[in-house]
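Each chain, written out:
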Amino acid sequence: MILEITQYGNPVLRKKCRKVTRVTDELKKFGEDLIETMVHAQGVGLAAPQVNREIQMAVVDVSHDPECITFLKVDGEESSLDDLMPLVFINPSLEFGSERESATEGCLSIEGINAEVRRPAQVKATLELLNGRKILVETDGLLSRAIQHETDHLNGVLFVDRLPTAAKLSMKRKLKRLAE
């Protein structure tokens, strides 16, 4: 089922989401709905608060662009996007590499705004899957950025919060209009 995507200005986007303590059939169905909604909206990720649910759950799928990463390890083993995507995860914990890079980001909850965001280039993400398995994903590129972006959502942080002050000021009016 395609869900309604919450837009900028809705307070749910600023809330720190609660951990998922139990995986139920309803939660698994919600994961399928998140994927369907993300695909329908032509996104590469979607987090639960973006559809008005205050839980630490998100989906990511960058398989449309296999060149978007230079490496991917799952539990220390070389892996491929096809083996991992779409990725549905709960209760993420992230560690970052020291190198940072800038790339253009947008958000399904902030329509019409894209901006250069500086983030760590690599991530080590400990993710719980809906089958109860916990995995360690090490990657870079778009997959790293998408995991970081969606995890930010679970903590009430939006990509526009990560912009330099000058960039925030230049889009202040646009954001104000979106919030109204």
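Structure: see above.
On a predicted model such as this, the values are computed, not experimentally measured, just so you know. (Residues numbered from 1 in each chain as written. Predicted model: local features only at pLDDT ≥ 70, side-chain atom pairs only at ≥ 80, totals over all residues. Heavy atoms only, no water.)

1. A word on the nonpolar core
- Membership of the largest hydrophobic core comes to 22 residues, with the highest contact counts inside it found for Val-62, Leu-72, Leu-81, Leu-84, Leu-87, Ile-135 and Leu-143.
- Mapped by element, the contributors of at least two residues to this core are β2 (57-60), β3 (72-74), α2 (81-84), β5 (87-96), β8 (122-128), β9 (134-140) and α3 (141-154).
- Top contributing element to this core by residue count: α3, with 4 residues.
- Among the nonpolar cores identified, the runner-up in size contains 17 residues, and Ile-5, Val-20, Ile-55 and Ile-90 belong to it. (Core = buried A, V, L, I, M, F, W, Y, C linked by side-chain atoms within 4.5 Å. Buried < 20%, exposed > 50% of the residue type's maximum accessible area, 1.4 Å probe, protein only. Helix = DSSP H or I, 4+ residues; strand = E, 2+ residues; numbered from the N terminus.)

2. Regarding unusual backbone geometry
- Look at the link from Met-85 to Pro-86: it is a cis peptide, with omega at -10°.
- Even without being glycine, Gln-42 reaches a positive phi, approximately 60°.
- For Gln-42, the location among the structural elements is in the loop between α1 (25-40) and β1 (45-47).
- Take Gln-42: its relative accessible area is 74%, and that puts it in the exposed class.
- Here the phi dihedral of Asn-52 falls at roughly 70°; this positive angle occurs in a residue that is not glycine.
- Judged by its relative accessible area of 47%, Asn-52 is partly exposed.

3. So, the pattern of salt bridges
- Going through the model one piece at a time under the given rule, you end up with 8 salt bridges.
- The salt bridge partner of Asp-33 is Lys-29, with a shortest N-O separation of 2.5 Å. Separated by 4 residues within a single helix, Asp-33 and Lys-29 lie in helix α1, roughly one turn from each other.
- Asp-33 sits in the buried class, given a relative accessible area of 6%.
- Taking the relative accessible area as the measure of exposure, Lys-29 reaches 40% and is therefore partly exposed. (Salt bridge = Lys/Arg side-chain N within 4 Å of Asp/Glu carboxyl O.)

4. Considering the pairing of β2
- Every second residue of β2 is oriented toward a common face, with Met-57 and Val-59 on one face and Ala-58 and Val-60 on the other, all of them buried.
- Across 3 bridges, β1 lies against β2 in antiparallel orientation. Residue pairing for β2: Ala-47 is matched across the bridge by Ala-58.
- Here β2 runs beside β5; their pairing, made up of 4 bridges, is antiparallel. Counterpart to Met-57 in the pairing with β5 is Ile-90. (Pairing = 2+ DSSP bridges.)

Just geometry here; none of it tells us what the structure is for.
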